[in-house]
Amino acid sequence: MKLQTELNVQISNWNILYTKLHRFHWYVKGPLFFTLHEKFEELYNEAGLVVDELAERLLAIGGEPVATMKEYLETATLTETNNETKASEMVAALVTDYKAIKEQLVQLAELAEENNDVITNDLAVGLIEKIDTHVWMLTAYLGE
């Protein structure tokens, strides 16, 4: 089922994002270290919760969530980190990733609506709202 496939893409993307955020949390340097170190932790904690919520929703509708790094990398549309070293590069990478996830969440919401799955639709729409806030704040950080 296409809806289950799209949920697995989301699970994979959020896991890639989770790992990337951990890397950024560990490797960020510079005058805004304390601010970004804390923000990246907040975002990876959120990503971990999102993965769990998506996987549980997939299980509830009879699907099987991908659950290994190999599967995440094969299923995700996001890519692993590009070894960003500057804080601004890290933040810019997150803006790009969040925008990509949002595009796919819009598709997931529409697909869920077409399948009369109001719960998955609500989940996707709620995540879109969170992402819009993250993109706004991260873009503001970049001064764009």
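Residues numbered from 1 in each chain as written. Predicted model: local features only at pLDDT ≥ 70, side-chain atom pairs only at ≥ 80, totals over all residues. Heavy atoms only, no water.

Chemist: How should the overall build of the protein be read in this particular structure?
Modeler: Scanning the protein from N- to C-terminus turns up five helices and zero strands. For the protein, whose C-alpha radius of gyration is 15 Å, the value lies close to the compact-globule estimate of 15 Å for 144 residues. Considering only C-alpha atoms, the protein reaches an extent of 50 × 30 × 20 Å along its principal axes. Going through the 144 residues of the protein one by one, you find that 46% of them count as buried. For the protein, the computed accessible surface area is about 7900 Å², with 54% contributed by carbon and sulfur atoms. With 11 positive and 24 negative side-chain charges, the protein shows a spacing of 7 Å between the two charge centroids. (Helix = DSSP H or I, 4+ residues; strand = E, 2+ residues; numbered from the N terminus. Rg over C-alpha atoms; globule rule 2.2 N^0.38 Å. Buried < 20%, exposed > 50% of the residue type's maximum accessible area, 1.4 Å probe, protein only. Areas by Shrake-Rupley, 256 points an atom, 1.4 Å probe, with all protein chains shown as cover. Lys, Arg positive; Asp, Glu negative; His and termini not counted. Charge placed at Lys NZ, Arg CZ, Asp CG, Glu CD.)

Chemist: What am I meant to see in the nonpolar core here?
Modeler: As a rule of thumb, soluble globular proteins bury nonpolar side chains together. In terms of nonpolar packing, the biggest core is built from 43 residues, with Trp14, Leu21, Phe40, Leu94 and Tyr98 touching the most fellow members. The set of elements that each furnish at least two residues to this core consists of helix H1 (2-27), helix H2 (33-60), helix H4 (87-114) and helix H5 (118-142). In this structure Leu21 touches Phe40, Leu43, Tyr44, Ala47, Leu94 and Tyr98, once residues within four positions along its chain are discounted. (Core = buried A, V, L, I, M, F, W, Y, C linked by side-chain atoms within 4.5 Å. Contact = heavy atoms within 4.5 Å.)

Chemist: What is the right way to look at the pattern of salt bridges in this model?
Modeler: Close approach of charged atoms lets side chains of opposite charge pair. The tally for this structure, following the rule as stated, stands at six salt bridges. Taking the shortest distance from any N to any O, the salt bridge between Asp117 and Arg57 comes out at 2.8 Å. Of the two residues, Asp117 is situated in the loop between H4 and H5 and Arg57 in helix H2; the sequence distance between them amounts to 60 residues. The pair formed by Asp117 and Arg57 is uniform in burial state, with each residue classed as buried. Lys70 is the partner of Glu74 in a salt bridge, and the nearest nitrogen-oxygen pair spans 2.8 Å. (Salt bridge = Lys/Arg side-chain N within 4 Å of Asp/Glu carboxyl O.)

Chemist: Help me understand the side chain of Glu46, please; the structure alone is not making it clear to me.
Modeler: In this structure, Glu46 sits in helix H2. Buried charge without a partner: Glu46 forms no salt bridge, and the closest opposite charge is Lys130, 4.2 Å away. Apart from residues no more than four positions distant in its own chain, Glu46 is found in contact with Trp14, Tyr98, Lys130 and His134.

Chemist: In this structure, what is going on with the packing of aromatic side chains? I would like to understand it.
Modeler: When we look at a pair of aromatic rings, we describe it by the centre distance and by the angle of the planes. The final tally for this structure, using the stated rule, is four aromatic pairs. Between the aromatic rings of Trp14 and Tyr98, the centroid separation amounts to 6.3 Å while the plane-to-plane angle is 65°, which identifies the pairing as edge-to-face. On the criterion of sequence distance, the pair formed by Trp14 in helix H1 and Tyr98 in helix H4 is long-range, its members being 84 residues apart. When the ring of Phe33 is compared with that of Phe34, the centres are 5.1 Å apart and the planes differ by 80°; the resulting orientation is edge-to-face. Relative accessible area serves as the criterion here: at 24%, Phe33 is assigned to the partly exposed category. The exposure class of Phe34 is exposed, given its relative accessible area of 68%. Across the ring face of Tyr27, the terminal group of Arg23 is positioned such that the distance to the ring centre comes to 5.0 Å. (Phe/Tyr/Trp six-rings, centres within 6.5 Å; stacked < 30°, edge-to-face > 60°. Lys NZ or Arg CZ within 6 Å of the ring centre and 35° of its normal.)

Chemist: Please clarify how the packing of H2 against H4 should be interpreted in this entry.
Modeler: Relative placement of two packed helices is described by the angle separating their axes and the distance separating the axes. Where H2 contacts H4, the two axes come as close as 12 Å, and the packing angle between them is 25°. When the axis of H2 is compared with that of H4, the two are roughly parallel. Pair H2 / H4 crosses with left-handed handedness. In this structure, H2 contributes Leu36, Phe40, Leu43 and Glu46 to the contact, and H4 contributes Ala87, Met90, Val91, Leu94 and Tyr98. Here the residues of the contact of H2 with H4 are counted per class, giving eight nonpolar, no polar and one charged. (Axes fitted to C-alpha atoms, helices over the stretch in contact; angles between N-to-C directions. Parallel < 35°, antiparallel > 145°, perpendicular 65-115°, else oblique. Left-handed = near helix turned anticlockwise from the far one by under 90°. Nonpolar A, V, L, I, M, F, W, Y, C, P; charged D, E, K, R; others polar.)

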